[in-house]
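Coordinate inspection notes
For reference, the chains in residue letters:
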Amino acid sequence: MVHHEEHSPLHYTGLGEGRIEVVCGPMFSGKTEELLRRVRRAQIAAQPAVIFKPAADTRYQKDQVTSHNASALPSVTVRSSGDILEYLRKQPRLFTVVAIDEAQFFDAELPATCVSLANKGVRIIAAGLDLDYRGKPFGVIPELLALAEEVTKLHAVCMETGRPAHFSHRIAGGNSTVEVGEKDRYIPLTRQAFVEARRQAGRREPLSE
Ligand code: ADP
Ligand code: MG
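**Regarding the overall build of the chain**
When you go through the chain residue by residue, the secondary structure sums to five helices and twelve strands. For the chain, with 209 residues in total, the buried portion stands at 48%. Here the analysis covers contacts within the chain between residues at least 6 apart in sequence; of these, 71% occur between residues at least 24 apart.

Here it is in structure tokens:
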């Protein structure tokens with residue numbers, strides 16, 4: 001006889017749709033837009049969805065995820081990936097879709113959290129920056145990319161050349177990796193424009209460190 005675990009919203013299987021999707025790219029590449037598009041489609045399919053964002057993201061309102069073209073859906077602000085599990089455990093209903101925006105700001109447990117939810121049948125949609133402003137892989141994103149069934153790399157429009165941009169160049173602010181900001185602080189650039197901009201700014205090239 002099959003032993004059933006104590007009932008909890010997370011202890012269910014059988015949907016067979018648990019998976020990890022990652023949407024990444026530089027700032028202004030449409031990651032949040034794409035996350036919102038996928039969540040809206042899930043809602044059309046009557047799949048309960050919830051969007052989480054990290055407390056570190058202090059832009060826009062606290063209770064919604066907003067893209068640069070002002071599209072928005074309600075969201076839950078959390079301090080850690082542990083808070084995501086905690087929140088889901090407390091809900092009376094099951095969520096079949098869990099979306100996470102600004103995933104690069106999360107702690108080292110995020111990949112394990114995503115795997116455990118996906119293994120229980122949850123579809124994870126994680127969006128975040130793949131590279132920081134120095135052109136280095138950002139936080140837990142590389143691990144998530146490896147674990148994901150599906151990876152979507154988006155590009156912004158390069159502010160120097162108009163071509164597809166893969167890098168987020170910091171034009172103002174300090175040297176800390178996490179510096180929340182908008183167009184006043186970051187511009188998307190192609191590789192060539194990024195290397196040149198960093199050279200002009202008197203910094204080392206992205207791969208030479
Ligand atoms: P991300 O979450 O990747 O930062 P958003 O989904 O919030 O991006 O915003 C994407 C939107 O940003 C685009 O649809 C466009 O309206 C706007 N935008 C502003 N500057 C740029 C740019 N340089 N390249 C592309 N989109 C831009
Ligand atoms: Mg975004």
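**Some words on the nonpolar core**
In terms of nonpolar packing, the biggest core is built from 26 residues, with Ile84, Val98, Ile100, Leu110 and Ile124 touching the most fellow members. Every element with two or more residues in this core is listed here: strand E1 (19-25), strand E2 (49-54), strand E5 (76-78), helix H2 (81-90), strand E6 (97-100), helix H3 (110-119), strand E7 (123-129) and helix H4 (141-147). It is H3 that provides the largest number of residues to this core, a total of four residues. Leaving out residues up to four positions away in the same chain, Leu110 has contacts with Ser81, Ile84, Ile100, Ala103, Val140 and Leu144. Core analysis: the next-biggest nonpolar cluster, separate from the first, contains 14 residues, Leu35, Ile51, Val65 and Leu73 among them.

**A word on the site of ligand 1**
Around ligand 1 lies a shell of 16 residues, among which Lys31, Thr32, Glu33, His68 and Val157 are the nearest. Residue Glu33 places a side-chain N or O atom 2.3 Å away from an oxygen atom belonging to ligand 1. In this structure, His68 approaches ligand 1 through a main-chain N or O atom, which is 2.7 Å from an oxygen atom. Summarising the interface, the protein chains cover 80% of the accessible area of ligand 1, which totals 580 Å² for the free molecule. Of all the elements in the fold, those that place two or more residues in the shell around ligand 1 are helix H1 (31-44) and strand E9 (156-157). Ranked by residue count, the leading element in the shell around ligand 1 is H1, at three residues.

**Here's the deal with the packing of H2 against H3**
At their nearest, the axes of H2 and H3 sit 8 Å apart, and the two run at 30° to each other. Judged by the angle between their axes, H2 and H3 are roughly parallel. Every residue of H3 that contacts H2 at Ser81, Ile84, Leu85 and Leu88 is listed here: Leu110, Thr113 and Leu117.

**Some points on the pairing of E6**
Residues Val97 and Ala99 of E6 are buried on one face, and the alternating residues Val98 and Ile100, pointing to the opposite face, are buried as well. Two strands pair when backbone bridges link them, and E6 and E7 are joined in this way by four bridges, in the parallel orientation. For Val97, the partnering residue across the bridge sits in E7 and is Arg123. Traced from E6 through H3 to E7, the parallel crossover comes out right-handed.

**Side note on the pairing of strand E12 (residues 186-189)**
Here E12 shows no split at all, with Tyr186 and Pro188 on one side and Ile187 and Leu189 on the other all buried. By the bridge criterion, four bridges tie strand E11 (residues 167-170) to E12 in an arrangement that is antiparallel. Each bridged residue has a counterpart across the sheet, and for Arg170 the counterpart in E12 is Tyr186.

**A closer look at the environment of Ala126**
Position of Ala126 relative to the elements: it lies in strand E7. For Ala126, a relative accessible area of 1% corresponds to the buried category. Separated by 91 residues in sequence, Ala126 and Leu35 have C-alpha atoms that sit 7.7 Å apart. Residue contacts for Ala126: discarding those within four places in its chain leaves Glu21, Val22, Val23, Ile100, Ala103 and Leu144.

Criteria and thresholds
- Residues numbered from 1 in each chain as written.
- Chains lettered and ligands numbered in written order.
- Predicted model: local features only at pLDDT ≥ 70, side-chain atom pairs only at ≥ 80, totals over all residues.
- Heavy atoms only, no water.
- Helix = DSSP H or I, 4+ residues; strand = E, 2+ residues; numbered from the N terminus.
- Buried < 20%, exposed > 50% of the residue type's maximum accessible area, 1.4 Å probe, protein only.
- Contact = heavy atoms within 4.5 Å.
- Core = buried A, V, L, I, M, F, W, Y, C linked by side-chain atoms within 4.5 Å.
- Near = heavy atom within 4 Å.
- Polar contact = N/O pair within 3.5 Å; in protein donor to acceptor, adjacent residues only side chain to side chain.
- Areas by Shrake-Rupley, 256 points an atom, 1.4 Å probe, with all protein chains shown as cover.
- Axes fitted to C-alpha atoms, helices over the stretch in contact; angles between N-to-C directions.
- Parallel < 35°, antiparallel > 145°, perpendicular 65-115°, else oblique.
- Pairing = 2+ DSSP bridges.
- Right-handed = clockwise from strand over helix to strand, strands pointing away.

Spatial relationships are all this shows, so hold off on functional conclusions.
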